[in-house]
Amino acid sequence: GTNQPSFFDSQQLMSEKMQKRLKTSWAQIFREDVYQRIPESHFEILYSDKYSRPNAAVNVLVGCEILKSGFNWSDEELADHMTFDLQCRYALGLDALAEEAPTLRTIYNFRRRVREHAEKEGDNLYRDVFTFVTDEQIDNLALKTEWQRMDSTQILSNIAWLNRLELVVSVLQKGIAALPKESRREWGTKATDYSGRSAQTICYRLKQSDTTNHLLQVGNLLAELLPELQAVAEQQTVATLVERVLTEQYNVQEKQVDLKAGQEISANSLQSPHDPDATYREKAGKRYKGYVINLSETCDPDNPLQLVTDIQTAPNTTDDGQLLSDALDGFAERALPINEITVD
């Protein structure tokens, strides 16, 4: 547990000066004000009905996701920090040097279950964590919430882009594997960034901010690969698959390959090269690439610090007035007193 130190805890092996620096760093703040406040009980709904031993603590898994986003780490960087970075491990309660951090497979499975729960029940468990932790922080810091400011901005769905990248990389790999042996060798060099590993492994090594550039790079490789596949008589099925993903995911004119916007992609587009008949289910006839994010923050000058109190994400067609109304409803449910809101 986090409150019972072991002789082999990493901080026990540090000098007094190092321990002092650790406990006055961001890691101590995160450990006390975020990690130790994460309500594991909120995630019980995801647990298996079968009697089994949990393979990782929920607060560690959720804390990982917060740190990954906050520091803009790739999944590979996250794995390294969890394993070798004493500050990161301390922030996540991984005190004993012999204690294993969650594997990336465990993190991926947890993400999938949270996402599937949100899609099925409309319940965002990560948002619940934010609300719970923030309300405890407001009480602990005795912050005044009566005066807040609010602003919104447009964002792209990085998760959607990453899913697209994994798809097109998988199709590229499938296309290269269908070429004659001598051509495969040449393409192994040409597409070296996307060969030798699974599409998922390649994607987790990338920063989300690099995803668009990789999508375009793979699109150009697919456009170059297609005529070679079409020239191989016994590989017309794979050629058709490559042509389909090029048509669905990109605008191709002569030698120019550009990404399609999310709303241009049909619900019947390819979801997996291993299951060409699978489709994306649209809800209410709408599918969005972009979102609007609306932030609320305390701004009373008497507060020792200001705290973000609410984060809303919605389709980018949502009116600011609707976001304001929804935020006020949320504050009322949380019993946060609000007298004045300053908006842009």
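Residues numbered from 1 in each chain as written. Predicted model: local features only at pLDDT ≥ 70, side-chain atom pairs only at ≥ 80, totals over all residues. Heavy atoms only, no water.

Moving on, we come to the overall build of the protein. Tallying secondary structure elements over the protein gives 13 helices and six strands in all. Within the protein, the proportion of its 344 residues that are buried is 40%. Restricting to contacts in the protein with at least 6 residues of sequence separation, those with at least 24 account for 69%. (Helix = DSSP H or I, 4+ residues; strand = E, 2+ residues; numbered from the N terminus. Buried < 20%, exposed > 50% of the residue type's maximum accessible area, 1.4 Å probe, protein only. Contact = heavy atoms within 4.5 Å.)

The next thing to look at is the environment of Asp310. Here Asp310 is to be found in strand E5 (residues 308-315). For Asp310, a relative accessible area of 3% translates into the label buried. With 12 residues separating them in the primary sequence, Asp310 and Thr298 have C-alpha atoms 9.8 Å apart. Ignoring any residue separated from it by four or fewer positions in sequence, one finds Asp310 in contact with Arg127, Phe130, Asn294, Leu295, Ser296, Ala327, Phe331 and Arg334. A polar contact is formed between the side chain of Asp310 and the side chain of Arg127, at a distance of 2.8 Å. (Polar contact = N/O pair within 3.5 Å; in protein donor to acceptor, adjacent residues only side chain to side chain.)

For the rest of this paragraph, the subject is the nonpolar core. Counting residues in hydrophobic clusters, the biggest one holds 34 residues, and the most contacted among them are Phe30, Phe43, Val62, Met82, Leu92 and Phe110. At the level of elements, helix H2 (26-33), helix H3 (58-71), helix H4 (75-84), helix H5 (86-91), helix H6 (104-121) and helix H7 (125-141) are the ones that each hand at least two residues to this core. Ranked by the residues each element gives to this core, the list is headed by H3, at six residues. Within the second largest apolar cluster, 33 residues are counted, among which are Leu165, Tyr194, Ala239 and Val257. (Core = buried A, V, L, I, M, F, W, Y, C linked by side-chain atoms within 4.5 Å.)

Before going further, it helps to spend a moment on the packing of H4 against H6. Where H4 contacts H6, the two axes come as close as 11 Å, and the packing angle between them is 120°. Classified by the angle between their axes, H4 and H6 sit oblique to one another. The interaxial crossing formed by H4 with H6 has right-handed handedness. Along the contact surface, H4 presents Asp75, Leu78, Ala79 and Met82, while H6 presents Leu104, Ile107, Tyr108 and Arg111. Residues of the contact of H4 with H6, tallied by class, amount to six nonpolar, no polar and two charged. (Axes fitted to C-alpha atoms, helices over the stretch in contact; angles between N-to-C directions. Parallel < 35°, antiparallel > 145°, perpendicular 65-115°, else oblique. Left-handed = near helix turned anticlockwise from the far one by under 90°. Nonpolar A, V, L, I, M, F, W, Y, C, P; charged D, E, K, R; others polar.)

A few words on the packing of aromatic side chains. On inspection of all chains with the given rule, the structure shows four aromatic pairs. For the ring pair Phe43 and Phe110, a centre distance of 5.6 Å and an interplane angle of 40° mean the geometry is tilted. Residue Phe43 is found in the loop between H2 and H3, and its partner Phe110 is found in helix H6; the two are separated by 67 residues along the sequence. Of the residues examined, Phe110 reaches a relative accessible area of 11% and is grouped as buried. Judged by centre distance (6.5 Å) and plane angle (55°), the rings of Phe43 and Tyr126 are tilted. Placement of Phe43 in the loop between H2 and H3 and of Tyr126 in helix H7 is noted, with a sequence separation of 83 residues between them. The class of Phe43 is buried, set by a relative accessible area of 0%. Between Arg31 and the ring centre of Tyr90, over which it is positioned, the NZ or CZ distance is 4.2 Å. (Phe/Tyr/Trp six-rings, centres within 6.5 Å; stacked < 30°, edge-to-face > 60°. Lys NZ or Arg CZ within 6 Å of the ring centre and 35° of its normal.)

The next thing to look at is the pattern of salt bridges. For the coordinates displayed, the defined rule picks out 16 salt bridges. Its salt-bridge partner being Glu65, residue Arg111 comes within 2.6 Å of it at the nearest N-O pair. Of the two residues, Arg111 is situated in helix H6 and Glu65 in helix H3; the sequence distance between them amounts to 46 residues. The salt bridge partner of Glu224 is Lys190, with a shortest N-O separation of 2.8 Å. Here Glu224, found in helix H11 (residues 211-230), pairs with Lys190, found in helix H9 (residues 181-190); they are 34 residues apart in sequence, far enough to count as distant. Looking at Glu224, the relative accessible area reads 37%, which means it is partly exposed. Residue Lys190 is classed as partly exposed on the basis of its relative accessible area of 31%. Salt bridges sharing common partners tie together Glu65, Lys68, Asp75 and Arg111. (Salt bridge = Lys/Arg side-chain N within 4 Å of Asp/Glu carboxyl O.)

Counted at 1.5 Å a residue, the expected span for H6 with its 18 residues is 26 Å, and the 25 Å between its end C-alpha atoms agrees. What H6 keeps buried is the set Leu104, Thr106, Ile107, Tyr108, Phe110, Val114 and His117. Two residues or fewer past H6, Gly122 is found with a positive phi of approximately 70°. (Expected span 1.5 Å × (residues − 1).)

Here we come to H3. Over its 14 residues, H3 extends 20 Å from the first C-alpha to the last, a length consistent with the 20 Å expected when each residue adds 1.5 Å. Taken across its 14 residues, H3 has 10 buried, putting it largely inside the fold. Along H3, the residues that are buried comprise Val58, Asn59, Val60, Leu61, Val62, Gly63, Cys64, Glu65, Leu67 and Lys68. Close packing links the buried residues of H3 with H2, H4, H5, H6 and H7.

This paragraph deals with the pairing of strand E2 (residues 250-253). Pairing analysis gives four bridges linking E2 to strand E3 (residues 256-259), with the strands arranged antiparallel. Each bridged residue has a counterpart across the sheet, and for Val252 the counterpart in E3 is Val257. The antiparallel hairpin formed by E2 and E3 contains two residues in its connecting segment, where Glu254 sits at a positive phi of about 55°. (Pairing = 2+ DSSP bridges.)

A positive phi is found at Ala142, a non-glycine position, where the angle reads about 55°. Structurally, Ala142 can be placed in the loop between H7 and strand E1 (147-156). Assessed through its relative accessible area of 59%, Ala142 is described here as exposed. Phi at Ala335 takes a positive value of approximately 60°, unusual for a residue other than glycine.

Treat this as a map of the structure, not an account of what it does.
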